[in-house]
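Chain residues, written in single-letter form:
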Amino acid sequence: MGDVDPGQLADLLHGLTRRLRHAQVDGLAPLGLTPAQGRALRLIARSGEPLRMTELADQLGIVPRSVTTVIDALEEAGLVQREVDPRNRRAILLRLTERGSVVRDGLRDARQRAAEELFAPLTAEDRAILGELLARLDAAAPSGPQAHGKTHHDHGARRASAEQV
């Protein structure tokens, strides 16, 4: 490819992430999940203990009222249940149901298939090099609210729609 300018790299990366996202959305459809619901389900599943709704909203980078819509749909589908936090009765904890665990496994499989399809043209060595490069870029990324497009003024309002997750 020769000398590629950073703008071209950004365009290539953006196009590939869009392809990956579309493939994952296609994999979510049979599970009856939107991308926002899939992402919330993954975060709840990864949590070692029940997750507070406010913690989930923070991790998703959305406002709490938007996470409520996502959790309403997951609860209605029988994938998540809400519980009152015994340590703070004003807080709501989220727990994956047995059905939620099964769907999470299907979600994991769909994501894996999408990734395998995207990276199929690469050799094992290519994948290792790409992994190292992406890890280096990730490690160099700034942290804090500004890194995610948020400031203390908007606290996620730019990503308030739960469907953007």
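From a predicted model like this one, the values you see are computed outputs, not experimental measurements.

A. Quick look at the packing of helix α2 (residues 35-46) against helix α5 (residues 98-119). Relative to each other, α2 and α5 sit at 115 degrees, their axes nearing to 10 Å. The angle between the axes of α2 and α5 places the two elements in the roughly perpendicular class. Between α2 and α5 the crossing geometry is left-handed. Taking contact as the criterion, the partners of G38, L41, R42 and A45 in α2 are, on α5, G100, V103, R104, L107 and R111. Here the residues of the contact of α2 with α5 sort into four nonpolar, two polar and three charged.

B. Inspection of the confidence of the model for the protein chain at higher detail. Of the residues in the protein chain, 85% reach a pLDDT of 70 or more, and the chain-wide mean stands at 84. Averaged over each element, pLDDT in the protein chain is lowest for helix α1 (residues 6-28) (90) and highest for helix α6 (residues 124-140) (95). Here residues 149-165 is modelled with pLDDT under 50, and outside its nearest four sequence neighbours on either side it reaches 37 contacts, counting other chains as well.

C. Spatial organisation of the sheet that holds strand β3 (residues 88-96). One open sheet accounts for three strands, arranged β1-β3-β2; its pairing is antiparallel. Looking at which strands have only one partner, the edges of the open sheet turn out to be β1 (51-52) and β2 (80-85). In terms of strand pairing, β2 meets β3 through six bridges, oriented antiparallel. Residue pairing across strands places Q81 opposite R95, the latter belonging to β3. Those strands touched by helix α4 (residues 64-76) are β2 and β3, and its axis lies near 120 degrees from that of β2.

D. Focus on the packing of α1 against α5. Contact geometry for α1 and α5: axes closest at 9 Å, N-to-C directions at 145 degrees. Here the hand of the crossing between α1 and α5 comes out right-handed. On α5, the residues touching L16, R19, L20, A23, Q24, G27 and L28 of α1 are L107, A110, R111, A114, A115 and L118. Across the contact of α1 with α5, the residue classes tally to nine nonpolar, two polar and two charged.

What counts, and at which threshold
- Residues numbered from 1 in each chain as written.
- Predicted model: local features only at pLDDT ≥ 70, side-chain atom pairs only at ≥ 80, totals over all residues.
- Heavy atoms only, no water.
- Axes fitted to C-alpha atoms, helices over the stretch in contact; angles between N-to-C directions.
- Helix = DSSP H or I, 4+ residues; strand = E, 2+ residues; numbered from the N terminus.
- Parallel < 35°, antiparallel > 145°, perpendicular 65-115°, else oblique.
- Left-handed = near helix turned anticlockwise from the far one by under 90°.
- Contact = heavy atoms within 4.5 Å.
- Nonpolar A, V, L, I, M, F, W, Y, C, P; charged D, E, K, R; others polar.
- pLDDT = per-residue confidence, 0-100.
- Pairing = 2+ DSSP bridges.

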